[in-house]
Every structure is written in C-alpha cells, then in structure tokens.
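# Structural description and commentary
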Amino acid sequence: MATVDVEGVRKSYAGREVLSEMDLRMADGELICLLGPSGCGKTTLLRIIAGFVRPDAGRVVVGGADVTRLSASARRVGMVFQSYSLFPNMTALDNVRFGPRVAGLGKPEQIQRARELLDLVGLSAHEAKYPHQLSGGQQQRVALARALAVRPQVLLLDEPLSALDAKVRAQLREEIRRIQRDTGVTTVLVTHDQEEALSIADRVAVMNGGRLLQVASPATIYRAPSHGFVARFIGSGAVFSGVAEGGQVRVEHLSLAARAAAEHAHGTPVQIFIRPEKVRLQAMGGAVPDGAVSGEVCETIFLGALTRVRLSVHGTQTPLNIWADLASEHAEAFQPGSHVVAQWDPDAPRVMAGGDTAD
Amino acid sequence: MSDTDRLGAGGWAILILTGLFFAVPLVMTAAFSFWEGGSRYGLEAYHVLLASPKLFEAMALSIELALATVAALVLLLVPAMIFMNLHAPKLRPVFEFIATLPFVVPAIALVAGLSALITGPDWLIGTPFYLVIPYFFLALPYAYRSIDVGIRSIDLPTLTEAAQSLGAGMGQTILWIVLPSLRSAMVGSALLTLAVVFGEFTFANVLLFHTYAVFINEIGQHQVTAAAALSVASFLLTWGAMLGVLVVGRGRATPIGAR
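Residues numbered from 1 in each chain as written. Chains lettered and ligands numbered in written order. Predicted model: local features only at pLDDT ≥ 70, side-chain atom pairs only at ≥ 80, totals over all residues. Heavy atoms only, no water.

### Comments concerning the domain arrangement of chain B
All names here are of chain B. What counts, and what does not: Residue ranges assigned to the domains are those given by an automatic or database domain assignment. Contacts are assigned to residue pairs with any non-hydrogen atoms lying within 4.5 Å of each other. We define buried area as the total accessible area lost by two parts upon association, computed with a 1.4 Å probe and summed across both. For this analysis, a salt bridge means a side-chain nitrogen from Lys or Arg found within 4 Å of a carboxyl oxygen belonging to Asp or Glu. N or O atoms closer than or at 3.5 Å make up a polar contact, with two conditions inside protein: a donor-capable atom paired with an acceptor-capable one, and, for residues adjacent in sequence, both atoms drawn from side chains.
Taken as a whole, chain B is organised into domain 1 (1-33) and domain 2 (48-258). Here the C-alpha centroids of domain 1 and domain 2 sit 30 Å apart. Across the boundary between the two partners, domain 1 contributes 5 residues, which contact 8 residues of domain 2. At the boundary of domain 1 with domain 2, total buried surface from both sides reaches about 520 Å², with 90% on carbon and sulfur atoms. Area buried by domain 1 at its contact with domain 2 is led by L26, F32 and S33, which between them contribute 76% of it. Between domain 1 and domain 2 we count 0 salt bridges in total. One can count 0 residue pairs in polar contact (both at pLDDT 80 or more) joining domain 1 with domain 2.

### What about unusual backbone geometry?
Residue and element names in this part refer to chain A. Note the threshold: Under the scheme applied here, a residue whose accessible area is under 20% of the maximum for its type counts as buried, over 50% as exposed, and between as partly exposed, the area being computed with a 1.4 Å probe on protein chains only. Where helices and strands are cited, they refer to DSSP runs of H or I of at least four residues and of E of at least two residues respectively, numbered from the N terminus.
Here the phi dihedral of R151 falls at roughly 45°; this positive angle occurs in a residue that is not glycine. By relative accessible area, which is 48% here, R151 ends up partly exposed. A positive phi angle is found at E159, which is not glycine, with a value near 45°. Counting through the fold element by element, E159 comes out in the loop between β7 (154-158) and α6 (166-183). When its relative accessible area of 10% is taken as the criterion, E159 is described as buried.

### Observations concerning the interface of chain B and chain A
This is how the line gets drawn: Polarity classes work like this: nonpolar for Ala, Val, Leu, Ile, Met, Phe, Trp, Tyr, Cys and Pro, charged for Asp, Glu, Lys and Arg, and polar for all others, with Gly in that last group.
Facing 22 residues of chain B, the contacting portion of chain A comprises 24 residues. Connecting chain B to chain A are 1 salt bridge. A salt bridge links R47 of chain A to E161 of chain B, with the shortest nitrogen-to-oxygen separation between them at 2.5 Å. At the level of elements, α7 (156-165) and α8 (170-181) of chain B are the ones that each hand at least two residues to the side of chain B that touches chain A. Its residues placed into classes, the side of chain B that touches chain A shows 12 nonpolar, 8 polar and 2 charged.

### Digging into the pairing of strand β8 (residues 186-191) of chain A
All names here are of chain A. Defined as follows: Two strands pair if DSSP finds at least two bridges between them. Handedness of a crossover is defined as follows: with both strands directed away from the viewer, a clockwise route from the first strand across the helix to the second makes it right-handed.
With 6 of its 6 residues buried, β8 lies for the most part within the structure. Burial along β8 is two-sided: T186, V188 and V190 facing one way and T187, L189 and T191 facing the other are all buried. Relative to β8, β7 is paired through 5 bridges, and the arrangement is parallel. Counterpart to L157 in the pairing with β8 is L189. A crossover links β7 with its parallel partner β8, the connecting element being α6, and its sense is right-handed.

### Some details on the pattern of salt bridges
Residues and elements named next belong to chain A. A complete count under the given rule lists 24 salt bridges over all chains for this structure. Where K11 meets D56, a salt bridge forms, and the shortest distance between an N and an O atom there is 3.5 Å. A residue pair is termed long-range when its members are at least 10 positions apart, and K11 in strand β1 (residues 4-13) and D56 in the loop between α1 (42-50) and β4 (57-62) qualify at 45 residues. Overall, the relative accessible area of 47% leaves D56 in the partly exposed class. Its salt-bridge partner being R97, residue D94 comes within 3.0 Å of it at the nearest N-O pair. Judged by its relative accessible area of 26%, D94 falls in the partly exposed class.

Here it is in structure tokens:
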C-alpha cells in the first residue's frame with residue numbers, strides 16, 4: 001500500500017494536448033475515482049500511472065519513489081482492464097497465480113495465494129474454469145483477484161464494470177469497495193459513470209478537456225461543485241449565468257434567490273446552480289414571491305418514486321429551463337401546459353464565479 | 001423450422017450437383033487407379049508404388065521441406081506479426097500487401113527471379129532446402145491469414161499489458177500467453193503450409209529437385225494408373241491435413257476445461 005503523487009504531468013498526442021499540468025495526490029489506502037466524459041484524459045492518466053504511457057513532462061511518485069521511468073512490469077501496480085483480459089489459455093486459478101509465478105514464488109505458495117484471492121472474490125468453486133466458461137462479472141472478479149495477487153502498491157481499475165449489465169455492475173461495484181477496504185490497497189478507478197463514482201469513491205476527481213477541475217468527496221462534488229462543468233456533469237440541475245446582486249442573482253430581468261451570491265462583489269458575473277430536488281412547485285395563484293420564478297410545465301418524466309418536471313421560465317429572452325423533482329404522487333397536478341411558480345430555499349443554490357456556462 | 005427444412009428442392013439440387021462436380025472426378029480417378037487392363041481391377045498400381053524406393057525418397061524430401069518451411073514461418077512470421085500488432089499497427093497494410101503478392105506473381109516468374117538473383121552458402125544453394133525460400137512465400141498468404149485471425153481473436157495488446165502489469169517481461173508474455181493462445185492458429189497455418197508444399201510442382205521441377213509432386217508427374221509419364229493412385233493418395237493426404245485444421249479449430253471452440 002502506498003501514496004500516489006502525480007506531479008505536473010503533461011501528455012500530448014500528435015500536437016494535441018490530452019493532459020495539461022496534472023497534479024493529484026492520493027492518500028495511502030484511498031479509493032479515488034477519475035470521472036469525466038469520453039476523451040477527457042482519465043484513461044491516459046491511469047495508463048501513465050500504470051507505466052504503459054510515458055508522460056511528456058512531470059513525474060509519478062508511488063510510495064515516495066519516483067517510478068516515472070520504470071517499466072510497467074517493474075512498478076508493482078495491479079490493473080483491471082475494461083475489456084476482459086484474462087489469459088484464454090489458463091484456468092481461473094492459473095490466471096490468478098500468474099503474477100506470483102512470474103515473481104518466482106514456489107508453486108504451493110502461488111496456488112495458496114491464488115486460492116485465497118479467489119475465495120475473496122467468491123469464485124473458489126470456479127478455479128478450474130477457463131475464461132470462456134465464466135460470465136463477464138466472474139471474469140472481472142478473477143481479473144481483480146489476479147491484480148491483487150501481486151500484492152500491488154496501487155490498484156488501477158480502467159472502467160472495469162462498463163461491459164457488464166446494470167445489475168451485475170451494481171453488485172460488483174459493492175464488491176470492489178468491500179475488497180478495497182479489506183485489502184487497504186490504494187485504488188484508482190476510472191469511470192464515466194457518475195453513480196459508480198459517487199457510490200464507492202473516497203474522493204472523486206472530475207476531469208474535462210485534459211484538466212482536473214475538482215477533487216473532493218462525493219458529497220462535496222454533488223452539493224458544492226466548484227466549477228460550472230462539474231455542476232452540469234454531476235447529477236442534474238439548472239445552471240444560469242447572471243450577475244451577483246447581494247443575496248440574489250440577476251438573470252435578465254429576473255432576480256433569483258441565492259444567499260451565496262452575497263459572497264461575490266455586486267455586479268460581478270456568476271453562475272447560479274440549482275439542484276432539482278431543491279426546487280418546489282406550486283400552482284400559479286396571484287403574485288410571484290420575491291426570488292421565485294413563474295413558468296410553464298413543458299414535460300414530466302416518471303422516474304418511479306420521483307417525477308422530474310421541466311418548466312420553461314416566463315419572460316426571458318434566452319429560454320431558461322428549471323428542473324424540479326417531485327414525489328410522484330404529488331406530480332399529477334403539474335401536467336404539461338400548466339402554469340406554476342418555482343421557488344427554493346435561498347441557501348440551496350450554489351453560486352460560482354464566472355458567467356459562461358459553455359465550458 | 002430448421003435450416004435444412006428451408007433448403008427446399010432447388011437448394012438440394014444445387015448441393016447435390018456441386019457435390020457431384022467434386023466427387024465424380026475423384027471417384028473416377030480412384031476407380032482408374034484400380035484398373036489393371038480389360039475388365040480387371042486390383043491393387044497392382046499401389047503395389048508398384050509401394051515397391052518404388054523413389055516414392056519414399058520423394059515423400060521424405062517433401063516432408064523435410066514442409067517442416068523446414070513451417071519452421072521458417074513460425075520463427076519469422078509469427079514474431080513479426082506479434083510485433084506489428086503490438087507496436088506498429090500502421091504497418092498492417094504493408095503486411096497485407098506482401099502476403100497477397102504470391103497470388104499475383106506467377107510461380108514461373110518467381111522461379112526465374114529466384115534463379116537469377118539468389119546466391120548464398122553451399123549448404124543452402126544447390127541443395128533441396130533452397131526450395132524453402134520460395135515455399136515460404138507460396139505458403140505466406142495462407143499462414144498469414146490463419147495467424148492473423150488467431151491474433152485478432154485474442155486482443156493481443158490488452159493481454160500483453162495485463163501480463164506486464166503482473167510483472168512479466170516480453171519473453172514470458174510471448175512464451176506463456178501469446179504463443180499458447182495462438183496454438184490453433186499456428187497449427188492451422190502449419191497444416192496449410194504442409195498441403196501447399198506437398199502440392200508444389202513448378203519450383204521443384206524447374207530447379208530439378210525430386211519432390212513428391214515431381215514424382216507424381218514422372219510416374220504419370222509411363223504408368224498412368226500408378227499416377228492416378230498417387231493422386232488419390234495425395235488427395236487423402238491433403239484432406240487429412242484439412243481435417244487436422246478442422247479438428248484443431250473445433251478443439252478451440254469446445255470448452256477447454258472439458259478435456
């Protein structure tokens with residue numbers, strides 16, 4: 001187990017920068033998720049830590065030792081790949097004991113360690129099976145056991161669940177978290193699935209365009225995004241550009257209640273971000289309260305216990321949409337075409353500096 | 001409804017005609033090999049062949065050449081293709097082009113080029129093993145295709161990276177993972193090479209080497225039934241090789257753990 005420090009790492013391919021001045025520190029035993037859209041550089045960063053890609057600049061330090069120039073085979077970094085990567089000519093047991101075998105351990109010790117790890121991932125009964133005789137979830141479990149068999153300093157998981165169906169993915173996600181806690185190995189998980197990242201990570205590192213935008217606990221990432229992209233990428237919600245005016249944000253002629261706007265100088269460009277679960281709706285009846293907005297329900301999306309309602313805000317030149325999550329039994333009153341008032345606790349919106357929502 | 005039910009009378013007719021197209025010449029050749037003149041049939045032609053030491057010499061030479069060609073392909077082509085897939089995938093069109101060339105250039109042109117251009121050590125030039133060079137290129141399209149299919153089926157880059165992340169060097173990765181995973185592809189390419197070498201006539205005849213195909217031609221000049229018998233034997237040999245390919249291919253598809 002070890003700390004992992006990525007310091008000033010940069011990488012370009014054919015003149016296109018895919019990682020720009022990346023700095024990331026991981027604590028011993030931490031599970032950190034690299035989260036971002038396709039092409040954001042998260043897999044490149046993982047492969048740099050693994051030793052498969054050499055950075056143009058910067059260094060990777062594992063357990064205090066600079067491993068930037070070491071080959072992948074010399075780094076003691078276990079890796080689970082997105083595609084099923086079990087050796088097709090070997091049984092599950094032989095796959096798991098491959099690492100100890102390469103390391104020169106005696107055969108009884110190799111087998112003992114492999115059996116312990118197959119037991120850890122719940123596949124003791126399948127040790128004699130070949131990869132093609134295992135399901136996708138079982139193959140990834142064996143791959144996890146195989147990666148742990150070398151007692152790695154760092155465990156790297158490159159979208160290991162993306163090829164699995166939803167139910168197996170949820171089960172294996174919990175299993176990865178349990179095994180990571182049991183073994184205490186510092187783990188980096190790459191994913192583009194925010195639910196996956198938020199549910200198992202100690203910290204989430206949100207990336208976009210080769211940059212690290214925010215590294216924080218899942219709760220902080222969700223509740224207090226520090227960047228417009230993070231706010232839009234994680235969960236759902238409405239982000240508007242406006243200017244800070246005391247405890248409100250002015251968007252065109254509307255004044256939206258947001259106590260956090262007071263932290264910004266009067267008149268400065270800001271972005272206001274409101275989660276749908278913070279928005280309350282009521283049928284239009286008389287004047288619109290200060291800080292609230294009126295609008296027309298455009299669509300409703302049934303999500304089971306909740307129904308998500310999208311309303312188009314009245315009286316703005318730029319179309320503004322606000323989302324509200326309602327208990328489904330209360331949502332029937334808000335059918336498309338009905339006119340409503342949306343309001344929220346002034347403490348609920350997040351207000352971020354900068355007025356451009358496009359980034 | 002099963003596929004055979006859907007075939008219909010027209011489909012069956014086409015299949016039967018196609019089968020007859022292939023089977024009739026073979027059956028007639030086999031029947032002719034048993035003809036001993038008049039209305040007599042027997043195994044005389046086969047006895048003549050078995051009594052001829054030249055047959056076994058020619059067969060032994062062809063087997064040696066086939067094995068040497070297979071060895072050359074395994075030692076040169078397999079590592080080159082592994083390297084190309086791992087480190088230089090952009091070279092794939094070049095490999096494809098080279099592997100197609102033997103289909104484009106007539107064998108007689110290859111012989112002429114080979115005779116004019118190749119010089120080398122005495123242990124190679126002037127001995128039958130000189131033929132391994134053209135045989136390598138003749139078998140290349142078949143061997144390349146077979147190995148290429150094998151490599152594409154195993155996600156070579158990911159397996160290699162997985163092995164490296166577990167501490168394996170390139171040698172261990174190739175010996176313990178890549179080559180065993182390509183076993184059926186390599187056996188397939190070896191059997192196809194065997195069939196190509198056994199059937200090759202032009203190079204051996206022009207360069208005056210007495211291989212199995214040349215022997216068939218020679219014996220056909222004066223003992224036509226013996227030539228027919230050899231042709232039947234050649235068919236059986238080639239079919240045996242093809243059956244080997246099929247069995248090896250099927251072995252890969254069946255659960256390995258069940259063995």
